[in-house]
Amino acid sequence: MKISTKGRYGLTIMIALAKKHGDKPTSLKSIAKDHNLSEHYLEQLIAPLRNAMLVKSVRGAYGGYMLAKDPETITAGDIIRVLEGPITPVEIIDDEEPAKRDLWIKIRDAVKDVLDSTTLQDLAEYEGDNGQDNYMFYI
């Protein structure tokens, strides 16, 4: 399964809003600037998130967007499904060998489990891998 820029940038928007949860509304312009993204593209992504009632808009001079729910109740799976559609890494064919079909189902379920058990709160509070450096070894 490959997550497109829609899913990636949608998560960026939602994490930014989660970090500001409880504060005043956040503009897409500030999110775009902070993350070096196209404001126009973020405007296209916010509409389906608003339609899914994950975010709400506030009009006016100090307007912007806020989470419509608490960040601990929104999962990465909720966001990805809104922007990317159903989570299916491989289309499962009924007449496929049972071993392969079961493998595809296990992969799909594992991806769903990770996305559905990771909340927006988890992502907003993430602090890295405790300072461990990632090393690349060449042999």
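Note that the structure is a prediction, hence the values are computed from the model and not measured. (Residues numbered from 1 in each chain as written. Predicted model: local features only at pLDDT ≥ 70, side-chain atom pairs only at ≥ 80, totals over all residues. Heavy atoms only, no water.)

Examining helix H1 (residues 5-19)
The first and last C-alpha atoms of H1 sit 21 Å apart over 15 residues, in line with the 21 Å expected at 1.5 Å per residue. Every buried residue of H1 is listed here: Gly-7, Gly-10, Leu-11, Thr-12, Ile-13, Met-14, Ile-15, Ala-16, Leu-17 and Ala-18. Those residues of H1 that are buried are in contact with helix H2 (28-35), helix H3 (39-51), strand E1 (55-58), strand E2 (64-67), helix H4 (76-84) and helix H6 (120-125). (Helix = DSSP H or I, 4+ residues; strand = E, 2+ residues; numbered from the N terminus. Expected span 1.5 Å × (residues − 1). Buried < 20%, exposed > 50% of the residue type's maximum accessible area, 1.4 Å probe, protein only. Contact = heavy atoms within 4.5 Å.)

Some thoughts on the environment of Thr-73
Along the polypeptide, Thr-73 turns up in the loop between E2 and H4. Along the primary structure Thr-73 and Ala-110 are separated by 37 residues, whereas in three dimensions their C-alpha atoms are 20 Å apart. One polar contact links the side chain of Thr-73 to the main-chain carbonyl oxygen of Asp-70, over a distance of 2.7 Å. (Polar contact = N/O pair within 3.5 Å; in protein donor to acceptor, adjacent residues only side chain to side chain.)

Some details on unusual backbone geometry
We note that Asn-36 has phi near 55°; this positive angle belongs to a residue other than glycine. Along the polypeptide, Asn-36 turns up in the loop between H2 and H3. Positive phi, close to 60°, is recorded for Met-53, a residue that is not glycine. Tracing the backbone shows Met-53 in the loop between H3 and E1.

Section: the packing of aromatic side chains
Enumeration according to the criterion identifies one aromatic pair in this entry. Ring centres of Tyr-9 and Tyr-41 lie 5.6 Å apart, and the angle between their planes is 80°; this geometry places the pair in the edge-to-face category. Pair noted here: Tyr-9 is in helix H1 and Tyr-41 is in helix H3, with a separation of 32 residues, a long-range link. Residue class for Tyr-9 comes out partly exposed when judged on its relative accessible area of 26%. (Phe/Tyr/Trp six-rings, centres within 6.5 Å; stacked < 30°, edge-to-face > 60°.)

Some remarks on the pairing of E2
Where E1 lies against E2, four bridges are found, and the strand directions are antiparallel. Looking across to E2, one finds that Lys-56 is bridged to Met-66. In sequence, E1 turns back onto E2 through a hairpin of five residues, with Gly-60 there showing a positive phi of about 115°. (Pairing = 2+ DSSP bridges.)

The quantities given are spatial measurements derived from coordinates; they are silent on function.
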